[in-house]
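Summary of the model geometry
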Amino acid sequence: MDIEYFRVKNFKGISDLTIDLINKNGNVFPVIMLLGLNESGKTTILEAVSHFVSRDDTLDSVFSKGEKSNNISDIVPLKHLANFTGSTSIEGGVRLSPKDIESIKSFCANKAIDIDINTISKSFYIKKGFRFEDSNQVSTENIWTISFSVFIGKGTKRRAIPANPLPNGATGRDVWREVVNHVRGMIPKVAYFPTFIVDIPDRIYLRKVAGEPESSSYYRSIMQDVLDVEGGGITVEKHIIDRIDDFKKNNGNRFDGQKFSSSPHRRQVNAVFQRISNLISKEIIENWKNIFNRPLNASSLVVSWEVDTQNNDVPYLSIEISDGPDPYKIHERSLGFRWFFAFLLFVKFKQKTDGKTIFLFDEPASNLHAKAQQELLKAFSQVSQHNQLIFSTHSHHMIDPAWLAGAYVIENKAIDYDSSEDDVSQFGRHTDIRAVSYRNFAAQTPSRSSYFQPIIEKLQYVAPVLIGHGPYVLVEGITDYFVFSSVAKNFGRELFVMPGSGAGASGPLISLLLSQGSDFLIILDSDAAGISAKKKYIDRYLLDGESVICVHEVVDGMEGKGLETILDGATKEKIEAEFGEGSSAKKSLRTSLAEAYARGILVDILSDNTKTIVSRILDAGMSRSQKLVAPTT
């Protein structure tokens, strides 16, 4: 089962916003990236999605900092906070797979429900709504638009009637609810990773105690998630809490540690904690090695536990890492270690064992160094193979070009970061959070690149070390670099393409290559600037005329033209098809080519005619230059 989109209405600063989780061809985005400037609303979007019907049950306590609360009035539209009467909603579009249909069919067969399998809605939406009056919540509603029919009667009197939630008769209504309850368990779970959980408490109490850190409620829930993964029906409440309470009841409602240590209750509780310890140790150590490609410097993780007689005899646990003779508690380790420890616990034990989980991350690892963020990116790639991720980021280290199709630029229309007006004046306006797909945003407003700066930084060309990479081909700019480099690699030409910053600006590169005795060819446009640059390079650096060419010298019909003209209409049509309308325009073309090059698909986007022209330029130029090796085929 897939969720095709999330639509949020009247949630804090969001009036009406949609995030698509599939592309126009119906394929699922494994990762959705939210980009934007400060105060743009990225966190608000994640919080809204986390309220969907399949949200993690522990979020009630997470958002209220450990207190179970039914008061969610803080999600009402900010501009109507003083007096809001209306509804806030989080809607998800659901798509059933053939496997899901078979699951419904089997469920109905086991329940003796004679369902008409061909009438089940393959696509429908689920909406969770909160109704407010005067900014106070008065009701909650869950709307399901799934529909189907069931057969009634027998023989010639057998006929199909709609089953729906409306009061059309107890049979149809009850059947509809039974099927919906089954489908509810198939929906991808939404799991939100709160940033504060890296503050791992020294003592994780299994019941709330006064003064505990806000992350305690999260780690309490994780302990049950750990047990659920293994199965067997073991629960923290029944097999730990109740056993301690039972011992107290049999001991005059008093906890006696000495008696408890020799009781069967102690051994039973020990067995539960041993399971938790073994599961956490196994998953953390194995996954650490998978992500970092090196073993964790520890033999095991140990979960120890005690009963706090000063806090109503509530049991608590501590997690230690065995690193030789002296164990260390997790909360004593570095921020980086604690972050990845919390992350590995989260992704392993918060995901559904029988389906997909949608993980939400707000600025993941934003306080970690670049190397740690790159390692996290690898972990995200692994997790997204069987799940979906939605995360916000400001870091180019957290950008994977393969995920750009699912990237969104988030902006708060109340704040114009490009305006000269001071921020204080702008913050008085009503918050209005919008989400625009990165490709549409970049194509339509390429001048506003600060909104997607992490992508620019990820895709930008970084000059490599020159030694040992010759022979070289110097081209005028970055656009030429992407095209020539892609074609050269595809056709097996053993050369290294380097971009300059304009026709006449390659002097420093030429000087460096000459000082190294490197073989190189310079390819220039056939416009006035290119012809002038050729003469300058030959005169200033005493180059032979065969090492510097203008394209019209080797390809007919290029007189007076630049290299960008070789990107013909067919190529631009492919660019538009891949990256959206406007992506082949002059201001957007560089970004489109950079992404295609980074993803290794540029050679497939270039038309056959474009590739032929580039190949001819390279072949002709290399054959003219006596210093360059002949191309390999």
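Residues numbered from 1 in each chain as written. Predicted model: local features only at pLDDT ≥ 70, side-chain atom pairs only at ≥ 80, totals over all residues. Heavy atoms only, no water.

Moving on, we come to helix H15 (residues 507–516). For H15, the complete set of buried residues consists of Gly507, Ile510 and Leu513. Buried residues in H15, looked at end-on, bunch into an arc of 130°, giving them a common side. In H15, those exposed residues whose orientation departs by more than 90 degrees from the buried face are Pro508 and Ser515. Once H15 ends, the next one or two residues include Gly517, with phi positive near 70°. (Buried < 20%, exposed > 50% of the residue type's maximum accessible area, 1.4 Å probe, protein only. Helix = DSSP H or I, 4+ residues; strand = E, 2+ residues; numbered from the N terminus. Arc of directions from axis to C-beta.)

Our next topic: the side chain of Lys534. Note that Lys534 resides in helix H16 (residues 528–541). Once you skip the residues sitting within four places of it in the chain, Lys534 turns out to touch Leu524, Gly545, Val548, Ile549, Cys550 and Glu553. (Contact = heavy atoms within 4.5 Å.)

Let's shift gears to the environment of Gln385. On the secondary structure map, Gln385 appears in the loop between helix H10 (370–383) and strand S16 (388–392). With relative accessibility at 58%, the residue Gln385 sits in the exposed group. Separated by 355 residues in sequence, Gln385 and Pro30 place their C-alpha atoms 7.1 Å apart.

Here three strands make up an open sheet; going across it, the order is S5-S8-S9 and the pairing antiparallel. Strands with a single pairing partner mark the edges of an open sheet, and in this sheet they are strand S5 (115–116) and strand S9 (159–163). Alignment of S5 against strand S8 (residues 148–152), held across two bridges, turns out to be antiparallel. Bridge pairing in S8 links Ile115 to Val150. (Pairing = 2+ DSSP bridges.)

Bringing the nonpolar core into the picture now. In this structure, Ile280, Phe341, Phe343, Phe361, Phe484 and Ile523 are the most contacted members of the largest nonpolar core, which totals 117 residues. Broken down by element, the residue count for this core peaks at 11 residues, all from helix H9 (residues 335–349). Dropping the residues within four chain positions of it, Phe341 is found in contact with Ile200, Ile280, Ile284, Leu301, Ile319 and Ile330. If you look at the next biggest cluster of nonpolar residues, it comprises 55 residues, including Phe52, Ile75, Phe132 and Val183. (Core = buried A, V, L, I, M, F, W, Y, C linked by side-chain atoms within 4.5 Å.)

Turning next to the pairing of strand S17 (residues 407–412). The buried fraction of S17 amounts to six of the six residues, a majority that puts the element mostly inside the structure. On S17, burial covers both faces: Ala407, Val409 and Glu411 on one face and Tyr408, Ile410 and Asn412 on the other are all buried. Note: strand S3 (residues 31–35) against S17, three bridges, orientation parallel. Note that in S17 the partner of Met33 across the bridge is Ala407.

Time to look at the pattern of salt bridges. The tally for this structure, following the rule as stated, stands at 23 salt bridges. The closest approach of N and O atoms between Lys127 and Glu91, which form a salt bridge, is 4.0 Å. Of this pair, Lys127 sits in strand S6 (residues 123–133) while Glu91 sits in strand S4 (residues 86–95); the two residues are 36 residues apart in sequence, bridging distant segments of the chain. For Glu91, a relative accessible area of 9% translates into the label buried. Residues joined in a network through salt bridges with shared partners are Asp2, Glu4, Arg95 and Lys356. (Salt bridge = Lys/Arg side-chain N within 4 Å of Asp/Glu carboxyl O.)

Of note, Ala405 is situated in the loop between S16 and S17. Classification of Ala405 by relative accessible area gives partly exposed; the value is 32%. Along the chain, Ala405 and Phe579 lie 174 residues apart, while their C-alpha atoms are 7.6 Å from each other. Residues in contact with Ala405, not counting those within four places in the same chain, are Phe29, Arg439 and Glu595.

Moving on, we get to unusual backbone geometry. Non-glycine residue Glu39 carries a positive phi angle of around 65°. Checked against the element boundaries, Glu39 lands in the loop between S3 and helix H1 (42–49). Accessibility expressed as a relative area gives 55% for Glu39, which makes it exposed. Despite not being glycine, Ala112 has its phi angle at roughly 60°, a positive value.

For the rest of this paragraph, the subject is the packing of aromatic side chains. Evaluated as defined, the whole model comprises 32 aromatic pairs. Seen in terms of ring centroids, Phe193 and Phe361 are 5.3 Å apart; in terms of plane orientation they differ by 40°. Their pairing is tilted. Taken as a pair, Phe193 in strand S10 (residues 189–193) and Phe361 in strand S15 (residues 357–362) lie far apart in primary sequence, 168 residues in all. Aromatic pair Tyr218 and Tyr219: ring centres 5.2 Å apart, planes at 90°, arrangement edge-to-face. Overall, Tyr218 belongs to the buried group, its relative accessible area being 1%. A network of ring pairs unites the aromatic residues Phe193, Trp339, Phe340, Phe343, Phe346, Phe359, Phe361, Phe380, Phe391 and Trp403 as a single cluster. Here the basic side chain of Arg266 rests over the ring of Trp305, its NZ or CZ set 4.3 Å away from the ring centre. The ring centre of Tyr451 lies 4.4 Å from the NZ or CZ of Arg448, which sits over that ring. (Phe/Tyr/Trp six-rings, centres within 6.5 Å; stacked < 30°, edge-to-face > 60°. Lys NZ or Arg CZ within 6 Å of the ring centre and 35° of its normal.)

The subject of this paragraph is the sheet that holds S15. Pairing is mixed in the open sheet, where six strands are placed in the order S10-S15-S16-S3-S17-S18. The open sheet has two edge strands, S10 and strand S18 (433–437), and neither has a second partner. Each strand of the sheet is rotated relative to its neighbour by a mean of 20°, with strand direction disregarded. Where S10 meets S15, five bridges bridge the pair, whose relative direction is parallel. By the bridge assignment, Ala191 is partnered in S15 with Phe359. Together, S3, S10, S15, S16, S17 and S18 form the strand contacts of H1, whose direction differs from that of S15 by roughly 150°. Packing of H9 onto the sheet brings it into contact with S10 and S15, and relative to S10 it is tilted by some 170°. (Axes fitted to C-alpha atoms, helices over the stretch in contact; angles between N-to-C directions.)

Here Ile75 shows up in the loop between helix H2 (59–63) and S4. Taking the C-alpha atoms as reference points, Ile75 and Ile14, separated by 61 residues in sequence, lie 9.9 Å from one another. Among residues more than four places away in sequence, those in contact with Ile75 are Asn10, Phe11, Lys12, His51, Thr88, Phe130 and Phe132.

Right, let's get into the packing of helix H14 (residues 478–490) against helix H18 (residues 586–598). Packing of H14 against H18 leaves a shortest axis separation of 9 Å and a crossing angle of 30°. By the angle between their directions, the pair H14 and H18 is classed as roughly parallel. In terms of crossing hand, the pair formed by H14 and H18 is left-handed. Contacts between H14 and H18 pair Ile478, Thr479, Tyr481, Phe482, Val483, Ser485, Ser486 and Lys489 from the former with Arg590, Leu593, Ala594 and Tyr597 from the latter. Residue composition of the contact of H14 with H18, grouped by class: seven nonpolar, three polar and two charged. (Parallel < 35°, antiparallel > 145°, perpendicular 65-115°, else oblique. Left-handed = near helix turned anticlockwise from the far one by under 90°. Nonpolar A, V, L, I, M, F, W, Y, C, P; charged D, E, K, R; others polar.)

As paired strands, S8 and S9 are joined by five bridges and run antiparallel to one another. Bridge pairing in S9 links Val150 to Ile161. Taken together, S8 and the strand that follows it, S9, pair antiparallel across an intervening segment of six residues, in which Gly153 is found at a positive phi of about 80°.

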